[in-house]
Amino acid sequence: MAMMNNPYAQYNNSKILTASPAELTLMLYEGAIKFGNIATQAMKDKDVQKAHYNVIRTQKIIDEFRATLNFKYPIAEEFDKVYRYLLKRLLEANVSKDPEIMEEVVMHLRSMRDNWKEVMKKVKSQQA
């Protein structure tokens, strides 16, 4: 009930409910980057529990990306390879609590997010 009294929570909820699939994908990339950054800092701060929790959150988003790949398109295979690589690196980062590995993962996620934004712009301009 408390969430309904929070205007920010209401705004965020309506933003998600009204988002297109492309916008939801962008939000997921943003979330993965955010959790990856939190995990990186937690590793630097030697906060093992916070690091673990945020690595897992990042993994769950990448798992979701993998689950929604449509393999009737050849590019899906390439995305799957990248996602599997990122999951492998996240596992390594989580076991070793190595912030450099997390920074690498976040760098790849940023690149993918930026490419996704470009795709969204091109699609929007073609629809106009």
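Structure's up top.
A brief report on the enclosed structure follows. Worth saying up front: this structure is predicted, and the values here are computed from it rather than measured.

### Topic: the packing of helix α4 (residues 48-67) against helix α5 (residues 75-96)
- Contact geometry for α4 and α5: axes closest at 10 Å, N-to-C directions at 165°. Judged by the inter-axis angle, α4 sits roughly antiparallel to α5. Relative to α5, the crossing made by α4 is left-handed. On α5, the residues touching H52, V55, I56, T58, Q59, I62, D63, F65 and R66 of α4 are D80, Y83, R84, L86, L87, L90, L91 and N94.
- The class makeup of the residues in the contact of α4 with α5 is nine nonpolar, four polar and four charged.

### Let's talk about helix α3 (residues 21-44)
- Taking 1.5 Å per residue as the helical rise, α3 with its 24 residues ought to reach 34 Å, and the 35 Å between its terminal C-alpha atoms agrees with that figure.
- Three or more residues of α3 are buried, namely T25, L26, Y29, G31, A32, I33, F35, G36, A39, T40, A42 and M43.
- Contact partners of the buried residues in α3: α4, α5 and α6 (99-127).

### Re the packing of aromatic side chains
- In this structure the tally under the stated criterion is three aromatic pairs.
- Consider the rings of Y29 and F65, whose centres lie 4.5 Å apart with planes at 35°: the pair is tilted. Here Y29 is found in helix α3, whereas its partner F65 is found in helix α4, with 36 residues between them in sequence. Considered together, Y29 and F65 belong to a single accessibility category, that of buried residues.
- Ring centres of F79 and Y83 lie 6.0 Å apart, and the angle between their planes is 40°; on these two criteria the pair is classed as tilted. In this pair, F79 and Y83 both sit in helix α5, four residues apart, roughly one turn of the helix.
- F79 sits in the partly exposed class, given a relative accessible area of 31%.

Conventions used here
Residues numbered from 1 in each chain as written. Predicted model: local features only at pLDDT ≥ 70, side-chain atom pairs only at ≥ 80, totals over all residues. Heavy atoms only, no water. Axes fitted to C-alpha atoms, helices over the stretch in contact; angles between N-to-C directions. Helix = DSSP H or I, 4+ residues; strand = E, 2+ residues; numbered from the N terminus. Parallel < 35°, antiparallel > 145°, perpendicular 65-115°, else oblique. Left-handed = near helix turned anticlockwise from the far one by under 90°. Contact = heavy atoms within 4.5 Å. Nonpolar A, V, L, I, M, F, W, Y, C, P; charged D, E, K, R; others polar. Expected span 1.5 Å × (residues − 1). Buried < 20%, exposed > 50% of the residue type's maximum accessible area, 1.4 Å probe, protein only. Phe/Tyr/Trp six-rings, centres within 6.5 Å; stacked < 30°, edge-to-face > 60°.

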